[in-house]
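# Breakdown of the fold
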Amino acid sequence: MKLKQFFCVLAFVSMFTLQGQNVPAKPQIKGSWGIAFALPFRTDKMDFIDPALGQKILEARNDTKSSLSFYSGALLAIKRLDSLGVKVHPYPVDTQLNGSVAQSELEALYAVNDIDFLIGPLSDRVLPALSSWSAQRKTPIFLPSISDAQQVNNQMIQGVAKNETLRKQLLDYAKREWKGQRVTIIHDSEEFAQAQSIIQRFPNAQKVDATANSNRLLEVLTQKMDTVNSNWVFVETANLKTASSVASILSSQLRFSGHIRLWSPLYTNAFDNEVIDFKQLSDLNYTTSAVQEPLTFVSWGSQYFAEWAKYPDKIAVRGYDSVMFAVLQLSGLTTSSPEGQKFFEWAGVTHPFTMVQDPRGHQVNQGFVLISLKDMEWQVIGR
């Protein structure tokens with residue numbers, strides 16, 4: 001099955017009429033554009049002859065699942081834009097996690113279609129090739145994920161604030177709120193430098209190397225916790241096992257509400273997994289920086305459910321918001337203009353977009369939200 005045929009089926013599902021929308025007044029925005037989506041759909045790894053085997057392969061591949069989720073959110077955005085009279089023609093490009101393949105597929109698509117905007121990739125592995133293509137064709141390229149690749153291309157738009165930005169905003173907030181509570185910093189060997197930077201902000205903070213003390217972490221943390229005063233615990237790790245152990249130990253050490261507060265300055269999935277008890281994090285008033293508001297804030301969630309029989313995950317939301325940003329950019333509006341803000345309000349965009357230019361000429365997003373768990377619900381506490 002060709003990639004185009006594959007996505008025709010996906011797009012057809014999204015052609016049902018939206019019902020029951022309660023949205024703000026429609027903004028005055030018109031236009032017609034082509035947007036390419038360079039994502040690792042990995043159709044080269046799928047088996048379209050045996051549906052059961054194809055489904056099994058799909059479920060086993062995180063890159064494919066992420067791509068389909070992202071694209072499903074994008075399709076809903078395109079459908080909602082159609083109700084404004086804005087026409088977006090989507091062109092999926094399967095990067096196959098191969099730069100030369102992605103560039104070749106994109107060039108073939110460009111030869112027969114107008115491509116005004118490129119969204120992707122999700123992986124740095126193919127970014128150099130796509131960045132080169134965007135510079136050559138003078139077509140904006142929007143990165144929907146945090147990228148560590150150093151590219152020189154003034155067409156590039158980094159759509160997600162980098163880890164350093166998110167970490168700084170959270171620590172700035174924590175410093176303003178700090179009232180002299182005891183501060184403990186738990187880190188692994190890979191985040192030693194970040195732990196040092198936190199110590200500079202909080203006098204008398206104490207460090208715990210989770211890597212060196214992995215076998216006696218419970219004993220060490222028990223000794224560190226003040227049983228009378230409040231404790232602020234910052235955890236710098238991308239290791240799921242370490243994050244899970246710390247959350248469990250701290251939860252068992254709670255003496256009263258607010259006795260221990262858990263902060264995660266590192267934007268990571270370490271605390272976002274099914275292993276860690278959600279109630280434990282809520283009891284610890286878990287607070288972190290994020291690139292989007294909690295999914296409970298997604299105003300178009302019911303429309304997404306009507307389309308796909310499930311609610312959107314974070315990646316679907318990223319796909320939706322990426323399309324809305326692309327249209328704003330193509331319309332010549334800015335995120336700070338009244339009409340741009342009106343458009344984002346109508347769209348129900350959950351990603352903050354505060355765009356600045358870096359020294360290389362890139363547009364870089366500095367937008368963030370700070371979210372905290374309280375009574376098992378996410379709350380936005382700053383942005």
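If you're wondering where the values come from, they're calculated on a predicted model, not measured in any experiment. (Residues numbered from 1 in each chain as written. Predicted model: local features only at pLDDT ≥ 70, side-chain atom pairs only at ≥ 80, totals over all residues. Heavy atoms only, no water.)

### Structural notes on the overall build of the protein chain
Along its length, the protein chain carries 13 helices and 14 strands. For the protein chain, the exposed surface amounts to about 17900 Å²; the carbon and sulfur share of it is 50%. (Helix = DSSP H or I, 4+ residues; strand = E, 2+ residues; numbered from the N terminus. Areas by Shrake-Rupley, 256 points an atom, 1.4 Å probe, with all protein chains shown as cover.)

### Considerations on the sheet that holds strand β10 (residues 287-290)
Spatially, β7-β6-β8-β9-β10-β13-β14 is the arrangement adopted by the seven strands of the open sheet, whose pairing is mixed. Here the strands that pair on one side only, and so sit at the sheet edges, are β7 (206-209) and β14 (377-382). Sheet twist, expressed as the average angle between the axes of neighbouring strands with direction ignored, equals 25°. The pairing of strand β6 (residues 182-187) with strand β8 (residues 231-236) spans six bridges and is parallel. Of the residues in β8, the one forming a bridge with Ile186 is Val235. Contacts from helix α7 (residues 192-201) reach β6, β7 and β8 within the one sheet, and its direction differs from that of β6 by about 170°. On top of the sheet, helix α8 (residues 217-224) reaches β6, β7 and β8; it is set at about 175° to β7, its chief contact. (Pairing = 2+ DSSP bridges. Axes fitted to C-alpha atoms, helices over the stretch in contact; angles between N-to-C directions. Contact = heavy atoms within 4.5 Å.)

### Quick look at the pattern of salt bridges
Enumeration over the complete set of coordinates arrives at 11 salt bridges. A salt bridge links Arg201 to Asp172; the shortest N-O distance between them is 2.7 Å. Here Arg201 is found in helix α7, whereas its partner Asp172 is found in helix α6 (residues 163-177), with 29 residues between them in sequence. A salt bridge links Asp283 to Lys279, with the nearest nitrogen and oxygen atoms 3.0 Å apart. Of this pair, Asp283 and Lys279 both sit in helix α10 (residues 278-283), four residues apart, which is roughly one turn of the helix. The exposure class of Asp283 is partly exposed, given its relative accessible area of 34%. In this structure, a network of salt bridges that share partners links the residues Arg167, Glu191 and Glu236. (Salt bridge = Lys/Arg side-chain N within 4 Å of Asp/Glu carboxyl O. Buried < 20%, exposed > 50% of the residue type's maximum accessible area, 1.4 Å probe, protein only.)

### Considering the packing of aromatic side chains
On inspection of all chains with the given rule, the structure shows 22 aromatic pairs. Taken together, a centroid distance of 5.5 Å and an interplanar angle of 85° make the contact between Trp178 and Phe202 edge-to-face. Here Phe202 lies in the loop between α7 and β7 and Trp178 lies in the loop between α6 and β6, a separation of 24 residues in the sequence. A single burial state applies to Trp178 and to Phe202, both of which are buried. (Phe/Tyr/Trp six-rings, centres within 6.5 Å; stacked < 30°, edge-to-face > 60°.)

### What about the pairing of strand β9 (residues 260-264)?
If a strand is regular, its side chains alternate between the two faces of the sheet. Where burial is concerned, most of β9 is hidden: five out of the five residues are buried. Here β9 shows no split at all, with Ile260, Leu262 and Ser264 on one side and Arg261 and Trp263 on the other all buried. One ladder, built from four bridges, connects β8 with β9; its direction is parallel. Note that in β9 the partner of Phe234 across the bridge is Trp263. This β-α-β element, β8 to helix α9 (residues 240-252) to β9, shows right-handed connectivity. (Right-handed = clockwise from strand over helix to strand, strands pointing away.)

### Overview of the environment of Asp114
Mapping Asp114 onto the fold places it in the loop between α4 (99-110) and β3 (117-119). C-alpha separation for the pair Asp114 and Gly34, spaced 80 residues apart in sequence, amounts to 5.8 Å. Apart from residues lying up to four places away in sequence, Asp114 is in contact with Gly34 and Tyr91.

### Let's talk about the confidence of the model for the protein chain
Per-residue confidence for the protein chain gives a mean pLDDT of 87; residues scoring 70 or more make up 89%. Per-element mean pLDDT across the protein chain ranges from 45 in helix α1 (residues 3-13) up to 97 in β3. Contacts for the low-pLDDT stretch residues 1-21, under 50 throughout, to residues beyond four places or in other chains number 39 contacts. (pLDDT = per-residue confidence, 0-100.)

### Notes on the sheet that holds strand β5 (residues 156-158)
In space, the seven strands of this open sheet follow the order β2-β1-β3-β4-β5-β12-β11, with mixed pairing throughout. What marks the edges here is a single partner per strand, and that holds for β2 (86-94) and β11 (355-357). Pairwise comparison of adjacent strand axes, ignoring direction, gives a mean angle of 25° for this sheet. Here strand β4 (residues 141-143) runs beside β5; their pairing, made up of three bridges, is parallel. Within the sheet, the bridge partner assigned to Phe142 lies in β5 and is Ile157. Against the sheet, helix α3 (residues 62-82) touches β1 (31-39), β2 and β3, its axis set at about 165° to β2. Contacts from α4 reach β1, β2 and β3, with the element oriented near 140° to β2.

### What to know about the packing of α3 against helix α11 (residues 301-308)
α11 packs onto α3 with a crossing angle of 110° between their chain directions and a minimal axis gap of 11 Å. By the angle class used here, α3 and α11 are roughly perpendicular. For α3 against α11, the interelement crossing comes out right-handed. Along its contact with α3, which presents Ser69, Ser72, Gly73, Leu75, Leu76 and Lys79, the element α11 presents Gln303, Tyr304, Glu307 and Trp308. (Parallel < 35°, antiparallel > 145°, perpendicular 65-115°, else oblique. Left-handed = near helix turned anticlockwise from the far one by under 90°.)

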